[in-house]
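Here is what each chain is made of, one letter per residue.
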Amino acid sequence: MVPRRLLLVGEGNFSFAVALGETLDPNTSLTATCPQRSADLARDLVARENIQRLRERGNEVRFGVDCTHLADAFEPQDREFDRIYFNFPHCGRKAGVAKNRELLAKFFRSCADVLAEDGEVHVALCRGQGGTPADKPMREWHNSWQVVAMAALGGFILSDVHPFNCEAVPGYRCTGYRSQDKSFHIEGALNHIFTRSLPFESLQPRISRIKLGDQWFSFLEPEVLVGKLNRGFLEAPSCHPIKTINEKLIAELGKAFPLKRLKCSSPLLPQGDASVLTSHNPDILSTAFWVSLHEDNSDFESPTSGTTQDMEDFLVSFSELSLPNSPRRDSKEEAHEGTHGQAKACLRPSLLVHSQAVIQAPDFLPGSLHILSGPVFQRCCISPFTMPAFHETLYILGFNKNLKDSCLQSLLDHLKGILNNLLTQTWLEGSEWSSSVEFVFQPTGKRYMITVKSQNFGPDCVKDLIIGSVTTSATSVIHKDQCFVYVSMNLDLLAMLVWGISDWRMLWTSDSRFLKNFAPGKIEPFKSYSLYPPYYVHDISFWLDEKKRFDEVEFHTLARAVSQDTVISIQFLSRFQHPKTEQVSLCYRLTYQTCDKALTQQQVASMQSQLRKEIQQRLHVTPR
């Protein structure tokens, strides 16, 4: 999109405005401003000459414009600039980094008042001032201007950064060294391009409804999954990379096997039957999100917008199992429950819950690859490659027991070839990056783990990631002569590897700029629109309740929910036992960082304060 209205602030001698104006489209308007009064520039012959040239071209020149109060300089109808430039900002003379940070913060807040919704803010800084990894060398954070953190105060994210090229604006002469008519060094200077961030929304858990037989039930969705239910990434109109990778896998497998695609329309785990899951993974049920179902006798049969959500489609697995390790219901859930007894249910932790229903079906076709794909939900600790919600694909193949070894090996060979081919599609020419797929047999001898050794996140970032598993069984009442193989894969992790997306949270963003990276039918390296987001570190310590077992996974889950997924790391620091009372205290270090939004130090402090309150109420610990 060609910018139509440009605003330049902090101009010195207006040489940049003149040089930039010569490169512009005739339909683009330029407004150049400076903080000085017109009379202050009377003796600056270069500035006066440049001002005259600007006006002769029809450009507007304004004096006495404070870049920290731009709304005061422009009437509402004269705002909505497509691009704002601020080259080499400085408070003047020997102002330190703190003063210049304050200038940047006020400038970005001011830009928010006069910038178009899809506009850009361009800030040129001398080498090292910005404090981002783009600076060579990079300054220590405390000694930099922390430009990305200052921009966040105005609701902006860094979307691009590149060298400041004087040759692109011939005639530009930088002045203002220590508030004098002297030039300064701009070798290694960088132009930082900022765009608006989506705001943090105060999303509340919704009450969802599901029909079991003839009875409607309702439940409160877990807080940590707010914004992750019913996103439709795999549905027909979606162009999400998770759908793209799923369709590519299915298309390639279809060249080697007859396919039968199944819809995940069976929402319920058979009452009291956990053997389906535990036979594949004994620990899977302890990772499930458990909720309470409440009889719902309301008259309507469809959800009310903004308050309820119809969950008839495959999201909930019903069970009356009582697990000793199932998470404690929070106060909101208890309030919703009232005084009546309710059944327990869990959000589906794996598509393997449907495997028995598939192979027991009368129309199951041995020799055909049966395919299910859908979202699953698991409680887990915070780490870069574990996620509470992701999309899984499940392949089920039945074959004669006598052909077990050959059929299994054929499937594994085809799958390995397909995955290796997908993982090499985003390599750059001449790149030394590599990825390889291995099927690692577990020591128990019951299943293979599908492991990827990848450098797709950078040459210095080698990861061994488990993206799925392969198990075999011979448990079908109908097909007694058959053996079955089940292949489950995490599509989210696979998409991250294929496109080089370093943060799983990016897959769940609501920012429309994310999907613009993905052209239909093409796989090209992902380019983030939010670069070098700042991170903030806070420690938290608390006394344990001797009568309550501390659930560390629940602590991580609570941190996810309170921080809206901005906590990216929780590091255990220390354990202390009081010598007299013998009471135990734990200390953790939390790191906050976003991948797609502006996050400020003040927001993080508020989240940390809220987390202290929540762990005391829900985990029965006493913050220190």
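Residues numbered from 1 in each chain as written. Predicted model: local features only at pLDDT ≥ 70, side-chain atom pairs only at ≥ 80, totals over all residues. Heavy atoms only, no water.

### What about the sheet that holds strand β1 (residues 5-9)?
Then comes step 1: Strand order in this open sheet of seven strands is β3-β2-β1-β4-β5-β7-β6, and the pairing throughout is mixed. Whereas interior strands pair on both sides, the edge strands pair on one side only; in this sheet they are β3 (60-62) and β6 (156-163). On average, each strand axis in the sheet is tilted by 20 degrees relative to the strand beside it, whichever way the strands run.
Then comes step 2: Of the pairings in the sheet, the one linking β1 to strand β2 (residues 29-33) comprises four bridges and is parallel in character. (Pairing = 2+ DSSP bridges. Helix = DSSP H or I, 4+ residues; strand = E, 2+ residues; numbered from the N terminus. Axes fitted to C-alpha atoms, helices over the stretch in contact; angles between N-to-C directions.)

### A short note on the side chain of Ser-488
Then comes step 1: Structurally, the position occupied by Ser-488 is in strand β21 (residues 482-490).
Then comes step 2: Excluding residues that lie within four positions of it along the chain, Ser-488 makes contacts with Glu-392, Thr-393, Leu-394, Ile-450, Ile-467, Gly-468 and Ser-469. (Contact = heavy atoms within 4.5 Å.)

### Quick look at the pattern of salt bridges
Then comes step 1: Scanning the entire structure with this criterion turns up 23 salt bridges.
Then comes step 2: Between Arg-618 and Glu-223 there is a salt bridge, and its shortest N-O distance comes to 2.6 Å. A residue pair is termed long-range when its members are at least 10 positions apart, and Arg-618 in helix α14 (residues 601-618) and Glu-223 in the loop between β9 (215-220) and α6 (241-253) qualify at 395 residues.
Then comes step 3: Among the residues examined, Arg-618 registers a relative accessible area of 13% and is labelled buried.
Then comes step 4: In this structure, the salt-bridge partner of Asp-503 is Arg-505, at a minimum N-O distance of 2.7 Å. Taken as a pair, Asp-503 and Arg-505 share a single burial class, namely buried.
Then comes step 5: The network of salt bridges with common partners includes Glu-22, Arg-53 and Arg-57. (Salt bridge = Lys/Arg side-chain N within 4 Å of Asp/Glu carboxyl O. Buried < 20%, exposed > 50% of the residue type's maximum accessible area, 1.4 Å probe, protein only.)

### Description of the side chain of His-370
Then comes step 1: Take His-370: it is sitting in strand β16 (residues 369-377).
Then comes step 2: At a separation of 3.3 Å, a polar atom in the side chain of His-370 contacts the main-chain amide nitrogen of Leu-365.
Then comes step 3: Other than its neighbours up to four places away in sequence, His-370 contacts Lys-260, Leu-262, Val-358, Phe-364, Leu-365, Leu-394, Tyr-395 and Ile-396. (Polar contact = N/O pair within 3.5 Å; in protein donor to acceptor, adjacent residues only side chain to side chain.)

### As for the environment of Thr-132
Then comes step 1: Tracing the backbone through its elements, the reader meets Thr-132 in the loop between β5 (115-125) and α5 (147-152).
Then comes step 2: For Thr-132, a relative accessible area of 2% gives the class buried.
Then comes step 3: Taking the C-alpha atoms as reference points, Thr-132 and Ser-144, separated by twelve residues in sequence, lie 8.8 Å from one another.
Then comes step 4: Aside from chain neighbours lying at most four places away, what touches Thr-132 is Met-138, Val-147, Val-148, Leu-158 and Tyr-532.

### Considering the sheet that holds strand β22 (residues 536-543)
Then comes step 1: The strand order β23-β24-β22-β25 describes an open sheet built from four strands, whose pairing is antiparallel. Here the strands that pair on one side only, and so sit at the sheet edges, are β23 (567-577) and β25 (622-623).
Then comes step 2: Note that β23 and strand β24 (residues 584-592) share nine bridges and pair antiparallel. Its bridge partner lying in β24, Gln-571 is registered against Arg-589.
Then comes step 3: Across the sheet, helix α13 (residues 552-563) is in contact with β22, β23 and β24; its angle to β23 comes to roughly 135 degrees.
Then comes step 4: Across the sheet, α14 lies against β22, β24 and β25, angled at about 15 degrees from β22, the strand it touches most.

### Concerning the pairing of β9
Side-chain positions along a regular strand alternate between the two faces of the sheet.
Then comes step 1: A large share of β9 lies buried, amounting to five of its six residues.
Then comes step 2: Pairing geometry for strand β8 (residues 207-212) and β9, over six bridges, is antiparallel. Within β9, the position partnered with Ile-207 by the bridge is Leu-220.
Then comes step 3: A loop of two residues connects β8 with β9, the two strands running antiparallel in sequence, and Gly-213 in this loop sits at a positive phi of about 65 degrees.
Then comes step 4: For β9 and strand β12 (residues 294-295), the ladder comprises two bridges, and the chain directions are antiparallel. Looking across to β12, one finds that Ser-218 is bridged to His-294.

The values reported here are purely geometric and, on their own, carry no functional implication.
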